[in-house]
Amino acid sequence: MTRSTAETLVTDWIAGIEESFAEAADDRVTEEIALAGAPVRLEFASARMFDRLAPGFAHLVEPAAAPPELTIRIWDSAGAIAEPPLPDVPPGPRGRIYYSEDGSVRVAYQPGLKLFSVLDRYRGLGWFWCSAAEELPYWESSSPFRQLLHWWLPSRNMLLVHGAAVGRAEGGVLLVGRGGSGKSTSALACLESDLLYAADDYCALDDRAPAVHSLYCSGKLEPAHAARLHHLPEPTIDGDGSEDEKAVFFVQDNYPDRVCRSFPLRAVLAPKIAGDEARMVPLAGAVALRALAPSTLLQLHPADPEAFARMARLVNSVAAYSFELGREIAAIPSAIERLLDELGPA
Amino acid sequence: MKVRVNAPHVIAETIGGETIIVHLSTGCYFNLGGPAVDIWEGVAAGEASAAITQRLLARYEAREAEIGAAVTRILSELEREELVVADNGGAPATDGAAAAPAPTAARAPFEEPSVNKFTDMQDIILLDPVHEVDARGWPHTDPANA
């Protein structure tokens, strides 16, 4: 059987990507992690890429017990390393994304940031390239490979969602809402309590027997907000004070016993900066869905209508509350603990 | 008048008597409640405005003219927000009389339907606009130029 011209072109193009990675990978560092319960291998071409992108997965590192279900090859073109065969598209503004899909291969390219993500879903093989490690924006260090994981997680019947998550081994909460609603502050405030930390911005969600799976052990806050959480260590990546630059913490570094990989989901909370005292007010499922779904669907491409349906089923299957955060940050974890006590184990 | 959902740019879910609609290209999202949910469900089912009016007449206590005017207004608003587009082709519109559900025993009071628009997530799309590359574009190279 002969391959079509289109198949040959994609195969040759992938071969060009592999060639670029191989040229860069003279100082390869491999990390085996358990991500959303699956063995995943991260192949960093260099220590500089490892240093920028591996810390977020530190809580998931474990020896591989089985062949990886996903392998991601990660490199940059610092020095004289040839760039991979990049799409010929106009640069445009910083965040502009070009997306293409061809059979099992999905591609996203941000020419303004020079970030390139490719996933071959059938082969369980992904590639992530940037022009230079030191130019990676802070959010790529705190939440690496979001696009690749958004494409890959459905193969595990999971969704990547925009939300923070804290709880106990027997059950926890998902905090949802647009940026600035208090998700990160709430999640990082819980580090001083008995609650476990799973996410501050993105996590994997299994809606069948509702459960949250941690993807990253990072937390990020605007520097002014970070200053209000006195227990936090010095950030690993320091915000420069500008509006779009946040301080990034790797929770595993300072609270290794407070980070967890997953827990059953007991409730969805929509934090709201309101009230004098932290309290939970029951919320209609539709309002919770409004807090969860648009911010998730609009950030990750392509948006999947089935993911929207699954998020709707999720908010129907667990309790939902508006979480009025009150004035005292220290009261946030106790309010969540009280709620979990009331709800009991899953 | 017949319109259809502006897929794939628009996706929607109905939960607890409320429909949430997300426009993936503009970054706006919307909620519909009460009779507006019935109107959206009629659109999604491929019904023309006459059939949607009959659908509402079976459920709500109001004059046909009042409901018909509300249906026209909401469909126009949905079209203005590009949540629906005119459907001049495809399957024939479902005939209103034939499609009319049997009136429910106790019809609900008719409240003026409304479309609520939220723009607080729009900056996501404005900052990170997405461009689909068509099948002839990258990553393929045009064989003629290869």
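Worth saying up front: this structure is predicted, and the values here are computed from it rather than measured.

Draft legend 1. Geometry of the overall build of chain A. A tally of helices and strands in chain A yields 10 helices and 18 strands. Over its C-alpha trace chain A gives a radius of gyration of 20 Å, about what one expects of a compact globule, namely 20 Å for 346 residues. Taken over the C-alpha atoms alone, chain A extends approximately 65 × 45 × 45 Å along its principal axes. Excluding contacts between residues fewer than 6 apart, the proportion of contacts in chain A whose partners are at least 24 apart in sequence is 70%.

Draft legend 2. Quick peek at the environment of Phe50 of chain A. Residue and element names in this part refer to chain A. By the element assignment, Phe50 lies in helix H2 (residues 47-53). The buried category is assigned to Phe50, around which 20 C-beta atoms lie within 10 Å. With 229 residues separating them in the primary sequence, Phe50 and Arg279 have C-alpha atoms 41 Å apart. Excluding residues that lie within four positions of it along the chain, Phe50 makes contacts with Val29 and Phe44.

Draft legend 3. How the structure looks around the sheet that holds strand E3 (residues 18-23) of chain B. All names here are of chain B. Strand order in this open sheet of 4 strands is E2-E3-E4-E8, and the pairing throughout is antiparallel. For this open sheet the edge positions go to strand E2 (10-15) and strand E8 (115-118), each flanked by a neighbour on one side alone. When strand polarity is set aside, the average angle formed by the axes of neighbouring strands in this sheet is 20 degrees. Here E2 pairs with E3 via 6 bridges, running antiparallel. Paired with Ala12 across the bridge in E3 is Ile21. On top of the sheet, helix H1 (residues 35-44) reaches E2, E3, strand E4 (29-33) and E8; it is set at about 110 degrees to E4, its chief contact.

Draft legend 4. Region of the structure containing unusual backbone geometry. A cis geometry characterises the amide bond from His301 of chain A onward to Pro302 of chain A, with omega recorded as 0 degrees. Locating Pro302 of chain A in the fold gives a position in the loop between helix H8 (285-299) and helix H9 (305-317). The step from Ala7 of chain B to Pro8 of chain B runs through a cis peptide bond, and the omega angle for that step is 0 degrees. Relative to the elements of secondary structure, Pro8 of chain B occurs in the loop between strand E1 (3-5) and E2. Positive phi outside glycine occurs at Ala36 of chain A, with the angle close to 50 degrees. Tracing the backbone shows Ala36 of chain A in the loop between strand E1 (29-35) and strand E2 (38-44). Even without glycine at this site, Lys114 of chain A takes up a positive phi of about 55 degrees.

Draft legend 5. Structural view of the packing of helix H2 (residues 49-59) of chain B against helix H3 (residues 64-80) of chain B. Residues and elements named next belong to chain B. Close contact between H2 and H3 brings their axes to 9 Å; oriented N to C, the two are set at 125 degrees. It follows from the interaxial angle that H2 and H3 lie oblique. Where H2 crosses over H3, the two elements pack in a sense that is right-handed. Contacts from Ser49, Ile52, Thr53, Leu56 and Leu57 of H2 reach H3 at Glu64, Ile67, Gly68, Val71, Thr72 and Leu75. Of the residues belonging to the contact of H2 with H3, the class tally is 6 nonpolar, 4 polar and 1 charged.

Draft legend 6. Seen up close, the nonpolar core. Residues and elements named next belong to chain A. The biggest cluster of nonpolar side chains holds 153 residues, and the ones touching the most others in it are Val166 and Tyr197. Ranked by residues supplied to this core, first place goes to H8 with 8 residues. Setting aside anything within four residues of it in sequence, one finds Tyr197 in contact with Val166, Ala187, Cys190, Leu191, Val251, Tyr255, Arg258, Val259 and Cys260.

Draft legend 7. Main features of H1 of chain B. Residue and element names in this part refer to chain B. Most of H1 sits out of view: 7 of its 10 residues are buried. The set of residues buried in H1 consists of Pro35, Ala36, Asp38, Ile39, Trp40, Gly42 and Val43. Following H1 by one or two positions, Gly46 has its phi on the positive side, about 85 degrees.

Draft legend 8. Inspection of the confidence of the model for chain B at higher detail. Residues and elements named next belong to chain B. Considering every residue of chain B, the mean pLDDT works out to 84; 74% of them sit at 70 or more. Ignoring residues within four places in sequence, the model shows residues 140-146, a span with pLDDT below 50, making 5 contacts including any to other chains. Among the scores for the predicted complex, ipTM is 0.89 and pTM is 0.91.

Draft legend 9. How the structure looks around the pairing of E2 of chain B. For E2 of chain B, a buried count of 5 out of 6 residues is recorded, marking the element as mostly surrounded by other parts of the structure. Two successive antiparallel strands, E2 of chain B and E3 of chain B, enclose a turn made up of 2 residues, where Gly16 of chain B displays a positive phi of approximately 55 degrees.

Draft legend 10. Examining H8 of chain A more closely. A rise of 1.5 Å per residue sets the reference length of H8 of chain A, with its 15 residues, at 21 Å; its end C-alpha atoms lie 22 Å apart and thus fit the reference within 8%. In terms of residue burial, H8 of chain A counts as a mostly covered element, since 14 of its 15 residues are buried.

Draft legend 11. Local environment of the environment of Asp102 of chain A. In this structure, Asp102 of chain A sits in strand E4 (residues 97-102). Measuring from C-alpha to C-alpha, the distance between Asp102 of chain A and Glu7 of chain A comes to 9.1 Å, with 95 residues separating the pair along the chain.

Draft legend 12. Up close: the pairing of strand E5 (residues 105-110) of chain A. All names here are of chain A. Burial analysis of E5 places 6 of its 6 residues in the buried class, which makes it a mostly covered element. Here E4 runs beside E5; their pairing, made up of 5 bridges, is antiparallel. In the sheet register, Asp102 faces E5, and the bridge partner there is Val105. Here E4 hands over to E5 after 2 residues, with Gly103 in that stretch at a positive phi of 60 degrees. The turn joining E5 and strand E6 (residues 115-120), which pair antiparallel and follow one another in sequence, is formed by 4 residues; a positive phi near 55 degrees is taken by Lys114.

Rules of the game
Residues numbered from 1 in each chain as written. Chains lettered and ligands numbered in written order. Predicted model: local features only at pLDDT ≥ 70, side-chain atom pairs only at ≥ 80, totals over all residues. Helix = DSSP H or I, 4+ residues; strand = E, 2+ residues; numbered from the N terminus. Rg over C-alpha atoms; globule rule 2.2 N^0.38 Å. Contact = placed C-beta atoms within 7 Å. Buried ≥ 20, exposed ≤ 12 C-beta atoms within 10 Å, placed from the backbone. Pairing = 2+ DSSP bridges. Axes fitted to C-alpha atoms, helices over the stretch in contact; angles between N-to-C directions. Parallel < 35°, antiparallel > 145°, perpendicular 65-115°, else oblique. Left-handed = near helix turned anticlockwise from the far one by under 90°. Nonpolar A, V, L, I, M, F, W, Y, C, P; charged D, E, K, R; others polar. Core = buried A, V, L, I, M, F, W, Y, C linked by C-beta atoms within 7 Å. pLDDT = per-residue confidence, 0-100. Expected span 1.5 Å × (residues − 1).

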